[in-house]
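Descriptive structure summary
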Amino acid sequence: MPVDRTSITLAQRVDLGFPRRPNRLRRWRRGLSWGALVLGLLWPTVAAVRNQRRLYEAGPVSQAHQLWANDCRQCHVDTWAPAARLATFDAEIRSTPDAACSVCHAGAPHHAARSGLSMSCADCHQEHRGHDALARMADQFCTRCHHSLEATLDRPPQFVSQVDSLATHPEFALLRPVERVAGQQTARRGPAAADGDQWRDPTPLRFNHAKHLAPQGLLRLDGSRQKLECGACHEGRPGSGEILPIRHDRHCAACHDNELQFDSLRFAGRPVPHGSAELARAAMIELYSEYLAAPRDDDPEPLPEAPVRDVPGQPTVVSEEGWQWVQSRLAAAGQLLFGRHEHGCRYCHTEVERAETGAWQVPPPRIPERWFVHSVFRHDTHRLLNCTACHHDVERSSQTSDILLPKVENCRQCHATKAAGGSARADCVECHEYHHGAGDDLDGPFSLDLQLTAPEKVRRPWSLSGRGEGAAP
Ligand code: HEC
Ligand code: HEC
Ligand code: HEC
Ligand code: HEC
Ligand code: HEC
Ligand code: HEC
Ligand code: HEC
Ligand code: HEC
Ligand code: HEC
Ligand code: HEC
């Protein structure tokens, strides 16, 4: 059978007009394409008419910013920045410059680092990730610099140069021997310590923890016995997680007020009030003057005659002779209160001075209220532990100068990564601040209808003194 299949007959069998001829499937496809285009244009148009901007976001802004969830311009002040970033491959070009955040937030600079490593707000505070807490961030945003402060700074760092994780965190400075960090002598807190010495607590008081925690308890002035727990002296400040400062009148007086007796013959049971030396002196003058108006019959000393004019309701007026007697008594009582070794004020205070005029002075001891000023810590979060679980050596400490704070090893028992079996978080921001109180400026830029009342008002970085920023340790 002859084969009459030539290229010509074959070509005639193929309908060359097929792609142009309409059919059902093709009509549907075309309709769908146009529909999609119209919808794609309609959606933003309707959104624009209804003033809805949220379809352009990858995810909602964080909870704290929900007030402005639809008002993109509060943060995105630079419309063409994403395009410019694409065109120039410059990741530093942002549609949300720091200045936009600064209208509402101070965001104080962390430390004067070399400008090359300075970071934008949006680097650390990543938006459009749902309702994550914006202030939480991974360690990598800290270790960008803290992997090597030496490389970050153009001066020797005052703090340990490399901190990469809690697991490799250096021992806390106050528990390390005094040292030169990268060749620079750090500011000192304790009495002049040489390299290699331990830091000391410089509080000018005598206080012996071991003696006061004696298990058999201690004798009070009223004759009763009391077993002291930590909480008898270290009370918590409600709601803050802080420990209240020690107060003599609240925590020591019930057992030690006898040290403030100055003339037990005439004023048994009437100690001077605790406070400045001037206060004690004024109280003694008042007591002696009053005494001259109504002395004991059996006073062992010859008293000045007709010494006082005492009008009821008026201050006692002392005669010249009476005043001299008061002065001589004051000198003796002062010697007893201020001058005796380990008695009177010196029973507790190690610094008692005498001015050239002869006046006694007792400088306030200023017991530090916070020790780890470069980190945050709350006692209430840790109340499941007993105090000596962290403050190990307190029950054996007999010197005020002992530092009784926990070591980093102690924190690692619980604070560690999940992989390392930790039960509490171990990221830098769990324990450290970045802005050091920049949110403390309470006067905001908005009125109640959320109109900017002072557009020129830009939150200034807060004054940084004494808020963690500053010298080590
Ligand atoms: C509270 C501030 C804030 C608000 C309000 C806000 N954004 Fe953002 N947005 C950001 C930040 C911060 C980034 C990250 C910018 C960067 O990494 O440079 C961002 C990034 C974006 C991006 C990616 C493009 C870019 O510049 O990186 C888009 C798109 C975007 N936002 C859309 C919106 C839209 C739409 C709205 C309003 C519905 C909105 N945003 C509201 C803070 C905000
Ligand atoms: C229009 C005002 C406004 C602007 C602009 C603004 N914020 Fe906020 N922000 C707020 C308010 C209000 C809060 C909630 C109260 C607070 O914590 O101060 C807040 C809270 C925060 C918080 C803490 C809340 C959390 O979840 O941890 C961070 C961090 C923050 N903002 C960062 C930024 C950054 C970064 C920018 C710039 C991209 C920015 N904000 C722009 C008003 C603003
Ligand atoms: C290196 C990362 C980093 C950068 C950069 C950064 N922050 Fe923060 N920010 C933090 C950390 C950590 C916290 C939480 C601890 C604290 O308060 O310091 C925080 C907290 C905040 C808070 C909430 C707490 C408060 O003080 O009210 C605001 C608001 C804030 N930052 C704004 C800003 C602004 C504005 C900028 C840019 C000028 C900025 N941040 C840059 C790390 C950063
Ligand atoms: C841009 C670089 C940079 C980044 C990012 C950075 N730091 Fe720092 N940090 C420094 C410098 C610089 C110092 C001061 C060093 C000095 O003066 O010797 C410092 C000091 C510190 C100190 C000790 C002194 C103090 O102020 O308390 C702590 C703690 C600290 N940073 C924690 C953090 C944490 C937590 C983060 C991340 C949220 C962070 N840093 C991110 C540069 C940075
Ligand atoms: C009788 C009162 C009293 C009792 C009870 C007491 N303390 Fe103290 N504590 C003080 C005084 C006063 C100071 C300040 C003098 C000093 O720095 O040592 C102090 C200081 C401290 C300090 C910081 C000082 C440093 O050098 O580190 C710690 C920590 C401390 N006490 C823990 C404890 C613990 C834990 C207990 C219970 C086991 C306890 N204290 C019981 C009176 C007391
Ligand atoms: C419950 C009673 C009680 C309280 C409260 C108390 N003490 Fe004492 N304290 C004593 C007794 C008892 C002694 C004598 C212990 C001894 O010598 O064996 C003593 C001894 C001392 C000594 C001499 C220590 C020594 O090494 O010889 C000083 C200093 C002292 N206390 C200071 C204080 C201070 C400061 C406070 C308040 C923060 C305080 N005490 C609270 C009962 C108390
Ligand atoms: C039993 C021990 C003890 C004796 C005795 C004692 N003090 Fe104090 N003093 C303290 C303690 C503890 C503090 C710190 C807590 C406080 O401020 O109440 C202190 C604080 C002070 C302060 C600072 C007060 C303030 O508010 O900042 C002065 C001033 C002072 N004492 C003077 C004296 C004088 C003067 C005497 C003698 C007349 C004296 N003290 C006797 C334990 C004592
Ligand atoms: C469990 C709590 C905790 C965590 C997590 C933590 N730190 Fe610390 N860090 C501290 C304490 C407490 C100090 C001592 C502060 C002081 O001496 O005032 C400290 C000290 C520091 C210092 C000063 C170092 C020195 O002694 O010169 C730096 C810098 C520092 N931390 C950075 C970091 C960085 C970066 C991270 C994250 C990788 C981090 N820390 C994680 C608690 C922590
Ligand atoms: C989880 C460990 C931990 C436990 C438990 C703990 N502390 Fe502390 N304590 C610390 C740390 C860390 C500091 C240093 C905090 C700072 O200065 O910010 C501190 C500081 C102190 C100070 C000095 C004042 C101050 O705030 O710096 C006193 C006093 C004190 N603790 C007493 C106690 C008492 C009393 C208890 C028991 C009720 C207790 N602590 C339980 C870790 C602990
Ligand atoms: C018995 C386990 C345990 C030990 C030991 C411990 N912590 Fe914690 N810590 C916790 C738990 C649980 C939380 C609360 C849960 C969380 O935030 O992960 C916490 C929370 C914290 C916080 C955040 C507190 C807040 O409420 O803002 C800081 C800061 C902190 N710890 C510091 C320390 C330091 C510094 C040490 C060592 C001196 C330490 N912790 C030792 C269990 C512990």
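These notes cover the structure that comes with them. No experiment lies behind these values; they were computed from the predicted model shown.

**Section: the nonpolar core**
Counting residues in hydrophobic clusters, the biggest one holds 21 residues, and the most contacted among them are Phe262, Val272, Met284, Tyr288 and Phe338. Breaking this core down by element, the ones donating at least two residues are α12 (277-293) and α13 (320-339). Top element by residues in this core is α12. It accounts for 7 residues. Among all residues touching valine 272, those that are not within four sequence positions of it are Leu260, Phe262, Ala280, Met284 and Leu337. Within the second largest apolar cluster, 11 residues are counted, among which are Leu166, Phe172, Val178 and Leu405.

**Looking at the coordination of the iron atom of ligand 6**
Looking at the iron atom of ligand 6, the protein donor atoms are His212 (NE2) and His256 (NE2), and they sit 1.9 to 2.0 Å from it. For the iron atom of ligand 6, the 6 donor atoms are set out with angles of 86 to 179° between them, so the coordination reads as octahedral. Of the two residues, histidine 212 sits in helix α8 (residues 209-212) while histidine 256 sits in helix α10 (residues 253-256), which places them 44 residues apart along the sequence.

**Section: α13**
Compared with an ideal rise of 1.5 Å per residue, which puts 20 residues at 28 Å, α13 spans 27 Å between its outermost C-alpha atoms and is within 8% of the ideal. Turning to α13, its buried residues number three or more, namely Gly322, Trp325, Val326, Arg329, Leu330, Ala333, Gly334, Leu337 and Phe338.

**Quick notes on the site of ligand 6**
The environment of ligand 6 is formed by 17 residues, the closest being Lys211, His212, Cys252, Cys255 and His256. Between histidine 212 and ligand 6, the recorded distance is 2.7 Å, taken from a side-chain N or O atom to a nitrogen atom. In this structure, a nitrogen atom belonging to ligand 6 sits 2.7 Å away from a side-chain N or O atom of histidine 256. Listed by contribution, the elements that provide at least two residues to the shell around ligand 6 are α8, β3 (218-219) and α10.

**Digging into the site of ligand 8**
Near ligand 8, the surroundings consist of 21 residues, among which Val160, His169, Cys428, Cys431 and His432 are the closest. Here valine 160 contributes a backbone N or O atom positioned 2.9 Å from an oxygen atom of ligand 8. One nitrogen or oxygen atom from the side chain of histidine 432 is found 2.8 Å from a nitrogen atom belonging to ligand 8. A class-by-class count of the residues in the shell around ligand 8 yields 11 nonpolar, 6 polar and 4 charged.

**Remarks on the environment of leucine 228**
Note that leucine 228 resides in the loop between β4 (225-226) and α9 (248-251). Owing to a relative accessible area of 15%, leucine 228 belongs among the buried residues under this scheme. Remark: the alpha-carbon pair of leucine 228 and leucine 213, spanning 15 residues in sequence, is separated by 5.7 Å. Setting aside anything within four residues of it in sequence, one finds leucine 228 in contact with His212, Leu213 and Leu218.

**Considering the coordination of the iron atom of ligand 3**
Distances from the iron atom of ligand 3 to its protein donors, His125 (NE2) and His435 (NE2), fall at 2.0 Å. For the iron atom of ligand 3, the 6 donor atoms in the first shell make angles of 89 to 179° at the metal, so the coordination geometry reads as octahedral. Within this pair, whereas histidine 125 is found in the loop between α5 (121-124) and α6 (140-146), its partner histidine 435 is found in the segment after α16 (428-431), the two being separated by 310 residues in sequence. What makes histidine 125 partly exposed here is its relative accessible area of 28%.

Procedures and definitions
Counting from 1, residues in each chain are numbered in the order their sequence is written. Whichever chain is written first becomes A and whichever ligand is written first becomes 1, with later ones labelled in order. Selection of residues for local features in this predicted model requires a pLDDT of at least 70, selection of side-chain atom pairs for listing and counting requires 80 or more, and totals for whole chains, interfaces and linings are taken over all residues. Hydrogens and waters are ignored; side-chain quantities use all the structure's heavy atoms. Within this scheme, the nonpolar core is defined by two criteria: the residues are buried Ala, Val, Leu, Ile, Met, Phe, Trp, Tyr or Cys, and they are joined through side-chain atoms within 4.5 Å. Burial classes: relative accessible area under 20% of the type maximum marks a residue as buried, over 50% as exposed, and values in between as partly exposed (1.4 Å probe, protein chains only). Each helix is a run of H or I in the DSSP string that is no shorter than four residues. Each strand is a run of E no shorter than two, and both are numbered from the N terminus. Note on contacts: a residue pair qualifies if any of its non-hydrogen atoms lie within 4.5 Å across the two residues. Metal-coordinating donors are taken as N, O and S atoms lying within 2.8 Å of the metal, or within 3.2 Å when the metal is Na, K or Ca; because water is left out, some sites can appear incomplete. All geometry calls rest on donor angles, where a four-donor set with angles between 85 and 135 degrees is tetrahedral, four- and six-donor sets with opposite donors more than 155 degrees apart and all others between 65 and 115 are square planar and octahedral, and all else is irregular. Helix span, expected: 1.5 Å multiplied by one less than the number of residues in the helix. Whether a residue is near a molecule or strand is decided by its heavy atoms; if any one of them lies within 4 Å of it, the residue is near. Any N or O atom pair separated by 3.5 Å or less is treated as a polar contact, with the protein-specific requirement of one donor-capable and one acceptor-capable atom, and with residues adjacent in sequence counted only for side-chain atom pairs. Three classes are used, and their members are as follows: Ala, Val, Leu, Ile, Met, Phe, Trp, Tyr, Cys and Pro are nonpolar, Asp, Glu, Lys and Arg are charged, and the others, Gly among them, are polar.

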